[in-house]
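If you want the building blocks of each chain, they are given just below.
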Amino acid sequence: MTITYVKTELAPADNQLAAYIYFTSDTPVSYSYTVSKRTTSPTSVDFTYTSDLIYAVSQTIKIPVIGLYAQYANNVQVVFKDETGTEVYNQPFSVSTVDQVYDPSVIFHLDIEQTDPTLFTSVWGNSWLMQSTGRGYDENGDLRFNFLSVYHLQPLRIHNGYIYTGSDEDFSWYGRRFFKIDILGNVIFEFDMRDSNGNHYSNTHDLVWDSAGDIYMFGSDSPNRISNTMAQDSCILKFNDQTGKMIWAKNYTSEYSGSQILNNNTPNDVHLNSLTWIQSSPNNEEAIIAHSRTTSTTFGVSIVDGSILWAIDTGNFNPQFPAIQATTHIDNTGITNYENGAHTVCITNNSAFAGNIDPTVGKFVLSVFDNRSCVGADGSPVIRPINDDPTTDTYSTPPARILFYAVDLAAKTAVEIHAPIELPTTPIIQWTDFMGGVFDHDDYFVIFTNHARSFFISDVNGNMIATIYDVISLPDGAPQFPAEGYRARLFNETELSDLITTASITVNS
């Protein structure tokens, strides 16, 4: 048996901290590799990936290695096994990133405050903290993933081992081009952002998939010709995820006729910003849940045609929504703390809420990152008609918090079921009028506050497992603002493994 090393290719696509290591073999083999922990990072652990795939003798085996350290002579141990599982090759390789050049905004190390080191180890596990700025950090806070500036990972969603991202070429939050890529940054294909009438859209904010694997995203008219018939971020687009072709586009602008928006937003801005999926309901109808930041409304839509199945006035200032289509209105009087310009209004499966979760009968719980974006002196939202210019009414932006609403579609009720998670106010107040988010991570929550630039792991009662300040870098000359990142969350070990497996299949097929 002969296994031959061919070459190493550093950063073959957009991920600077990735490589291909090429081999040939005269017998079928599988492989694993380990990126050894950096000697200057004693609390780190080795990063190991094991492939279950068997590679034939007729091909060059291209191993996608991720998780390299920046500015470091990395040691990568490669192991091959034959079809019986017997180890037949075990060799170290040096993959150096010492000579790479990085953007000045890159932070190479984050200081992680571990409130409970034992619990931190089990909760964080072998996850990476991934940011919408295209960077990822390990459990020691060391940079292990860094995209160059081609992509903007705004949604931070992955599916079946692929990353989905808009282009950053316009230096805008809105990607007029949108791609399905692998963990190294190789493009699988570009989505066709035009509908059947030739109208062009930009991708915004979020993505979700249905049970058939079709993908849904928010869209805006591109170029952005915002008006009272085509509001900003007012569309849901459905695509075939295997071809990138659009199935339908639904414009919800008219449903927001007569709506009020928070006063710190531009006119004609619906600003749909959160997508999640529910597997069934009382009518056994699969649905997509959408949320609008400016109007603080949450609603379910049909995967068939985008029609509105039900609506919740989660901000308590738009009871008339939707304006045209007749639909089921969910009673919100069981909510104590109404959201104000929220983000990531998504389903949570935290076990603390198990008694309120049964999708087969339309029961689910929403976790809400409440920006408290535009609040008056009396605690009420400061609002104005959606088509009007901002007024001079004063408002404040209190610290962000996490809210929990239990929805029962059969009973047509939404009830607040848990005390809010209040975030630490020292050494910095956790405020962010726009952006930020909360996501499930096993039975905990990962929380990112945009303008405060902080990241937390919390249990359902607000007990912090870990705290990281200064997650994103400030631009030169701006001591507080504007440092912006749309989202940050943990990619768990399974997600990372799936990303590598998919990349391996793609490059060796």
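Description of the structure in this document. Per chain, residues are indexed from 1 in the order of the written sequence. Totals for whole chains, interfaces and linings use all residues, but because this is a predicted model, local features are given only for residues with pLDDT of at least 70 and pairs of side-chain atoms are given and counted only at 80 or more. Computation of side-chain values: all heavy atoms of the structure, hydrogens and water removed.

### Description of the nonpolar core
Side-chain atoms within 4.5 Å are what join buried Ala, Val, Leu, Ile, Met, Phe, Trp, Tyr and Cys residues into a set we call a nonpolar core. To sort residues, take the accessible area from a 1.4 Å probe on protein chains only and compare it with the maximum for the residue type: under 20% means buried, over 50% means exposed, and anything in between is partly exposed. Tyr33, Phe80, Phe455 and Ile457 are the most contacted members of the largest nonpolar core, which totals 69 residues. Among the elements that take part in this core, strand S2 (residues 18-25) stands out by supplying six residues, more than any other. When checking whether two residues touch, look at their non-hydrogen atoms; a contact exists if any pair is within 4.5 Å. The residues contacting Tyr33, other than those within four sequence positions of it, are Phe47, Thr48, Tyr49, Ile63, Pro64, Val65, Ile66, Val76, Gln77, Val78 and Ile500. By size, the runner-up hydrophobic cluster in this structure holds 21 residues, among which are Tyr216, Leu275, Phe299 and Phe321. Going along the chain from the N terminus, every DSSP run of H or I of four or more residues is numbered as a helix, and every run of E of two or more is numbered as a strand.

### Section: the pairing of strand S17 (residues 201-209)
Buried residues dominate S17, accounting for nine of its nine residues. By the convention used here, strands pair only if DSSP detects at least 2 bridges between them. Looking at chain direction, S17 and strand S18 (residues 215-221) are connected through seven bridges and run antiparallel. Bridge pairing links Trp209 to Ile215 in S18.

### Describing helix H2 (residues 493-508)
How far a helix is expected to stretch is found by multiplying one less than its residue total by 1.5 Å. An ideal rise of 1.5 Å per residue puts 22 Å on 16 residues; H2 measures up with 22 Å between its terminal C-alpha atoms. Listed in full, the buried residues belonging to H2 are Glu495, Leu496, Leu499, Ile500, Thr502, Ala503, Ser504, Val507 and Asn508. Two to three positions downstream of the cap, the backbone nitrogen of Thr494 sits 3.1 Å from a side-chain oxygen, assigning the N-cap of H2 to Asn492. Nitrogen and oxygen atoms within 3.5 Å of one another constitute a polar contact, given that in protein one can donate a hydrogen and the other can accept it, and given that sequence-neighbouring residues count only through two side-chain atoms.

### Focus on the sheet that holds strand S5 (residues 61-66)
Reading across the sheet, the three strands line up as S1-S2-S5 and stay open at both edges, with antiparallel pairing between neighbours. The open sheet terminates on both sides in strands that have one partner only, identified here as strand S1 (3-10) and S5. With direction set aside, neighbouring strand axes in the sheet form an average angle of 20°. Examined bridge by bridge, S2 and S5 share six bridges and lie antiparallel to one another. By the bridge assignment, Tyr20 is partnered in S5 with Pro64. Note on method: axes are straight lines fitted to C-alpha atoms, helices fitted across the in-contact stretch only, with angles between N-to-C directions ranging 0 to 180 degrees. H2 rests against S2 and S5 of the sheet, and its axis sits at about 150° to S5.

### Brief notes about the sheet that holds S17
Read across the open sheet, the four strands follow the order S17-S18-S19-S20; overall the sheet is antiparallel. The outermost strands of the open sheet, each flanked by one partner alone, are S17 and strand S20 (246-251). The sheet shows a mean angle of 25° between the axes of neighbouring strands, direction not considered. Where strand S19 (residues 235-239) meets S20, five bridges bridge the pair, whose relative direction is antiparallel. If you follow Cys235 over to S20, its bridge partner there is Asn251.

### Details of the packing of aromatic side chains
Any pair of Phe, Tyr and Trp rings, taking the six-membered ring for Trp, is counted once the centres come within 6.5 Å. Such a pair is stacked with planes under 30 degrees apart, edge-to-face with planes over 60 apart, and tilted for the rest. The tally for this structure, following the rule as stated, stands at 28 aromatic pairs. Cation over ring: Arg38 sits above Tyr72, and NZ or CZ is 5.9 Å from the ring centre. If you follow Lys180 out to its NZ or CZ, it ends over the ring of Tyr162, 4.6 Å from the centre. Counted as over-ring charges are cases with an Arg CZ or a Lys NZ within 6 Å of the ring centre that also lie within 35 degrees of the ring normal.

### Considerations on unusual backbone geometry
Of note, the amide linkage connecting Ser222 to Pro223 takes the cis form, showing an omega dihedral of 5°. Note on placement: Pro223 falls in the loop between S18 and S19. Its identity as a non-glycine residue notwithstanding, Asn316 has a phi of 65°, on the positive side. Position of Asn316 among the secondary structure elements: in the loop between strand S25 (308-312) and strand S26 (328-329). Overall, Asn316 belongs to the partly exposed group, its relative accessible area being 40%.

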